[in-house]
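Residue strings, one per chain:
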Amino acid sequence: MYLSCTLCKKEFNNLVEGVKYSSSAIGVISFCSDKCCRIYLNEKLK
């Protein structure tokens, strides 16, 4: 299944690559890489 990265909007196959982040406040969001996930969370938690 192809998803769009929450941060950079790159499409990726979530069965092969990517990161899924889940929290009760934000919900489930998907990223194409650890780097995009880290950048997004650092900005969100400031």
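Residues numbered from 1 in each chain as written. Predicted model: local features only at pLDDT ≥ 70, side-chain atom pairs only at ≥ 80, totals over all residues. Heavy atoms only, no water.

K.L.:
Looking at this structure, I do not really get the nonpolar core. What am I missing?
P.N.:
Soluble globular proteins tend to bury their nonpolar side chains together. Counting 10 residues, the largest nonpolar core is built from Cys5, Phe12, Val19, Ile29, Phe31, Cys32, Cys36, Cys37, Tyr40 and Leu41. Listed by contribution, the elements that provide at least two residues to this core are strand E4 (27–31) and helix H1 (34–44). For this core, the element with the highest residue contribution is H1, accounting for four residues. When sequence neighbours within four positions are dropped, the list of residues in contact with Tyr40 reads Thr6, Leu7, Ile26, Ile29 and Phe31. (Core = buried A, V, L, I, M, F, W, Y, C linked by side-chain atoms within 4.5 Å. Buried < 20%, exposed > 50% of the residue type's maximum accessible area, 1.4 Å probe, protein only. Helix = DSSP H or I, 4+ residues; strand = E, 2+ residues; numbered from the N terminus. Contact = heavy atoms within 4.5 Å.)

K.L.:
I'm lost on the side chain of Ser30 in this one. Help?
P.N.:
Take Ser30: it is sitting in strand E4. Beyond its immediate chain neighbours, meaning those up to four positions away, Ser30 contacts Leu3, Ser4, Cys5, Thr6, Phe12 and Val19.

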